[in-house]
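# Notes for the structure review
Here are the chains, one letter per residue:
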Amino acid sequence: MTPLTTGIPSHPGGSVKLTPAALTLDDGASFAGLALGGAVRAEGEAIFITAMSGYQEVLTDPSYHGQIVVFTTAHVGNYGTNREVDQAPEPQVAGVVFHELWLPEAVHWLSEADLPEWLRSGKVGALTGVDTRALTLHIREKGARNGVIAPLSDGAEAARARARAVPSMNGLDLAVRVFTKAPYKLPCGLAPTEEKPVYRAAVLDFGVKRSILEQLNSCGLDLTVWPGDTPPEKIMGESPQGVFLANGPGDPSACSYAVNTARHFLGRLPLFGICLGHQIMGLAAGGKTYKLPFGHHGLNHPVRDEDTGKVLITSQNHGFCVDPDSLPSGVRANMWNLNDGTVEGLSWDAAPAFCVQFHPEASPGPHDSRGLFARFRQMIKEHDAQA
Amino acid sequence: MPKRKDLETVMILGSGPIVIGQACEFDYSATQGCKALKEEGLRLVLLNSNPATVMTDPGLSDRTYIEPMTADVALDIIRLEKPQAILPTLGGQTALNLAMELHEKGGLSECGVEMIGADPDVIEVAESRERFRRTMASLGLDIPASALAHTVEEAIDVAEGTGYPAIIRPSYTLGGTGGGIARSRSEMELLAWKGLNASPVGQILIEQSLIGWKEMELEMIRDLGDNAVIVCGIENVDPMGVHTGDSVTVAPIQTLTDVEYQAMRDEALRVARAVGLNGGCNIQFAVDPRTGRRVVIEMNPRVSRSSALASKATGFPIARVAAKLSVGYLLSELQNGITRKSACFEPALDYCVVKAPRFNFEKFAGASPVLGLEMRAVGETMALGGNYREALQKALRGL
């Protein structure tokens, strides 16, 4: 086979080993590049993210579990990696596609390892030198679809067959693969005072990001993190004062166990959900979810909060969405995406509950909506005072 | 909040003669602003002393005055045309200074003219080094150690404290005119004298040197409903010590982690909120590459050279949006003409943008070809590329 040269930047990489490879989608479209390391293979749903920073947070976010993430930004890896920003102990993505991965040594005072090295040790299939603009336009036009990263030596036909064999995201419960297997406690470490007591909250884990736990902790909540399929009676055993439904990967409608748990708590305890947690709360209310053509993955999504009239720039990562027409009365879609008019937040009239589709914890992304964690705490405080 | 109903006639201040630091960027932004306000059915009165500009072309404004940009002339025009408001944020530092002069002489209040886009208080916080320093301190933001001086002796005293090299920044000047870096006491004597003469108020700021730190700029826009977006982050390839106008710059920012970038974004929003910004603004930061310590350098509460660059780099029409905000709109009520989506968003780039300066030292006999705090570039090129190398080489070839 002739070596692949077109479309691949002349990486000043030196010792990094690269293998001609391609991302092949289940519709037969193929995007060539150079795979990091030897014969690394990866398969999953290919989605694109427009973030210009925060690559390590993305690659360790359990919500991306099993996906092939395509970065649209020109350069990735410039500032190396640092475990402080990890959202989970190891990389979560199935594969990653770059326009240009920074191969030389990263120059940043916080960098512990270069991104190529980090990807190699995390066994993430990585492809660089790809025409990511063409790939992104393809996904925008044809929708997010399954694909494989494979060496060119595998042959185009074999790659296509493998891409078609990847299970569809629709109806797929991926949360069960990433949530904790045993409950654990995370005290906030703040001394309770008269003005600022510490409350107990249960976190229903579907693949929770570390930064969410940090945000909940830092507003004065002692946490018990439960596996996403824990029955509500068991959670009540710890007498939590509020319940948080975490982010996570996959199709919310496949998580019927969590929908039942959310339904149990609705109206009984203050509830707050983010991303998959939001979708589960929407389902628990009696609503429906549907799959977006290519999802929202980026750090620049404008969301209008109808209650304040203000626009928040938000970090987003979701492929599914709550259908506003399916919501019963008493549940109000109070936040909307200004780009495509999809639902971004729900609020309950009669129950202390709210949820958002976007990521107020950011990491990566803008911090405009971090105040929502304090709102959850306030809700717990008010509910506790009435009880 | 829709368009204000009480405005019929708005006076726009142009940028006057082309000088180093203030060239066609401001013609570009004022022209964009004129068109944006014309769409709103406002009667526009334009003052600009430079006829060789697009903004003075017939048809862009209802009345165009090609007259000296002085307070007396501006006041005569105000009395004649009776505008309800004056928009000084599209014509660079010249327009901003003229508006401040009109305000201080009481001309605006006498004729009942309101300053829109930036009120005098916002301009003063940004322009007065002392008030800026106090405001940043009250927000808990880090700034370089500095002190004001009004005489050469005072300047030397201050520099003994901050140490050499020390930066000299004259108050109320354009493109860093009269500024410099003193590496010794004798250099300070000369540069302090030069700076004091360059400042219209005879005041200079002596500042701790941040030479070698990373230099970052955020172009942001905010409305009076407190919605704000960062249109573009720009990183200077030349570190601190070379004027931004003389630096090779790249967008998006390439060497900050998301944690660092978002912390900087938060600070920029806090500054904009604290000064009550309405419209476009540019905030500059320096970041120590060894420790990550970040300090605020300055903010310009107006459309600047960098915003013209950011507009072209991202397709976000900063001057147009700023003009619309100045007459009462909110960001979420405006549309980005290119994306046909809300103007309240932050552009994400899948390419690199590089700006390279153009120097013409051979035409300025006697001018020192050493780069420093005073802008020397007479022009610039901007190039887009699929990666940094491509954009840089295109920008250099374009020179």
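Here the structure is a predicted model, which means the values were calculated and not measured.

Calculation criteria
Residues numbered from 1 in each chain as written. Chains lettered and ligands numbered in written order. Predicted model: local features only at pLDDT ≥ 70, side-chain atom pairs only at ≥ 80, totals over all residues. Heavy atoms only, no water. Helix = DSSP H or I, 4+ residues; strand = E, 2+ residues; numbered from the N terminus. Rg over C-alpha atoms; globule rule 2.2 N^0.38 Å. Buried < 20%, exposed > 50% of the residue type's maximum accessible area, 1.4 Å probe, protein only. Contact = heavy atoms within 4.5 Å. Buried area = accessible area lost by both parts, 1.4 Å probe. Salt bridge = Lys/Arg side-chain N within 4 Å of Asp/Glu carboxyl O. Polar contact = N/O pair within 3.5 Å; in protein donor to acceptor, adjacent residues only side chain to side chain. pLDDT = per-residue confidence, 0-100. Pairing = 2+ DSSP bridges. Lys, Arg positive; Asp, Glu negative; His and termini not counted. Axes fitted to C-alpha atoms, helices over the stretch in contact; angles between N-to-C directions. Core = buried A, V, L, I, M, F, W, Y, C linked by side-chain atoms within 4.5 Å. Domains from an automatic or database assignment.

## Remarks on the overall build of chain A
- Of the regular secondary structure elements, chain A holds ten helices and 17 strands.
- The C-alpha radius of gyration of chain A comes to 21 Å, within 12% of the 21 Å expected for a compact globule of 387 residues.
- Dimensions along the principal axes, computed over C-alpha positions, put chain A at roughly 75 × 45 × 40 Å.
- Burial analysis of chain A (387 residues in total) assigns 61% to the buried set.

## Observations concerning the interface of chain A and chain B
- Opposite the 34 residues of chain A that make contact, chain B presents 38 residues.
- Taking both sides of the interface into account, the surface hidden between chain A and chain B amounts to around 2900 Å²; carbon and sulfur atoms contribute 49%.
- Of all residues in chain A, Met52(A), Trp109(A) and Asn300(A) bury the most surface against chain B, accounting for 18% of the area lost on that side.
- In this assembly, chain A and chain B are joined by four salt bridges.
- Our count for the contact surface shared by chain A and chain B stands at 15 residue pairs in polar contact (both at pLDDT 80 or more).
- Secondary structure elements with two or more residues in the side of chain A that touches chain B: strand S13 (288–305) and strand S14 (311–323) of chain A.
- In terms of residues, the side of chain A that touches chain B owes the most to one element, S13(A), which gives four residues.

## A look at the confidence of the model for chain A
- Per-residue confidence for chain A averages 93 on the pLDDT scale, and 96% of its residues sit at or above 70.
- Segment residues 1–10 of chain A: pLDDT under 50, and 16 contacts once partners within four positions in sequence are set aside and those in other chains are kept.

## Side note on the environment of Ile18(B)
Residues and elements named next belong to chain B.
- Position of Ile-18 relative to the elements: it lies in the loop between strand S1 (9–13) and helix H1 (24–38).
- Expressed as a C-alpha distance, the spacing of Ile-18 and Asn-50, which sit 32 residues apart in the sequence, is 7.9 Å.
- Those residues within four positions of Ile-18 in sequence are excluded, and the remaining contacts are Ala-23 and Asn-50.

## Description of the side chain of Glu344(A)
Residue and element names in this part refer to chain A.
- Its place among the elements puts Glu-344 in strand S16 (residues 343–348).
- Here Gln-316 takes part through its side chain, which lies 3.1 Å from a polar atom of the side chain of Glu-344.
- Among the polar contacts listed, one links the side chain of Glu-344 to the side chain of Asn-337, at a separation of 3.0 Å.
- In this structure, Glu-344 is in contact with His-278, His-296, Val-303, Gln-316, His-318, Met-335, Trp-336, Asn-337, Cys-355, Val-356, Gln-357 and Phe-358, ignoring residues within four places of it in sequence.

## Description of the pairing of strand S9 (residues 204–208) of chain B
Residue and element names in this part refer to chain B.
- By the criterion of burial, S9 is predominantly enclosed, with four of the five residues buried.
- With four bridges joining them, strand S6 (residues 146–149) and S9 adopt antiparallel strand pairing. What sits directly across from Ala-149, in S9, is Ile-204.
- By the bridge criterion, five bridges tie strand S7 (residues 166–170) to S9 in an arrangement that is antiparallel. Paired with Ala-166 across the two strands is Gln-208, which belongs to S9.

## Some details on the side chain of Arg305(B)
Residues and elements named next belong to chain B.
- As for its placement among the helices and strands, Arg-305 is situated in helix H10 (residues 305–314).
- With no salt bridge to any partner, buried Arg-305 finds its closest opposite charge in Glu-25, at an N-O distance of 4.9 Å.
- Ignoring anything within four residues of it in the chain, the contact list for Arg-305 reads Gly-21, Glu-25, Phe-26, His-243, Gly-245 and Met-375.

## Let's talk about the sheet that holds S6(B)
Residues and elements named next belong to chain B.
- As summarised here, the arrangement of the four strands in space is S6-S9-S7-S8, forming an open sheet in which the pairing is antiparallel. Of all strands in the sheet, those bounded by a partner on one side alone are S6 and strand S8 (180–182). Averaged over neighbouring strand pairs, the angle between their axes works out to 30° when direction is ignored.
- On top of the sheet, helix H7 (residues 152–162) reaches S6, S7 and S9; it is set at about 15° to S9, its chief contact.
- Against the sheet, helix H8 (residues 185–198) makes contact with S6, S7, S8 and S9, and its axis sits at roughly 155° relative to S8, the strand it touches most.

## Side note on the nonpolar core
- Residues Val10(B), Ile12(B), Leu37(B), Ile221(B) and Val321(B) are the most contacted members of the largest nonpolar core, which totals 44 residues.
- Breaking this core down by element, the ones donating at least two residues are S14 of chain A together with S1, H1, strand S2 (43–47), strand S4 (85–87), strand S11 (228–236), H10 and helix H11 (318–326) of chain B.
- Per element, the largest residue contribution to this core is six residues, and it comes from H11(B).
- When residues are assigned to domains, this core turns out to be shared by domain 1 (9–116) and domain 3 (214–398) of chain B, each giving three or more.

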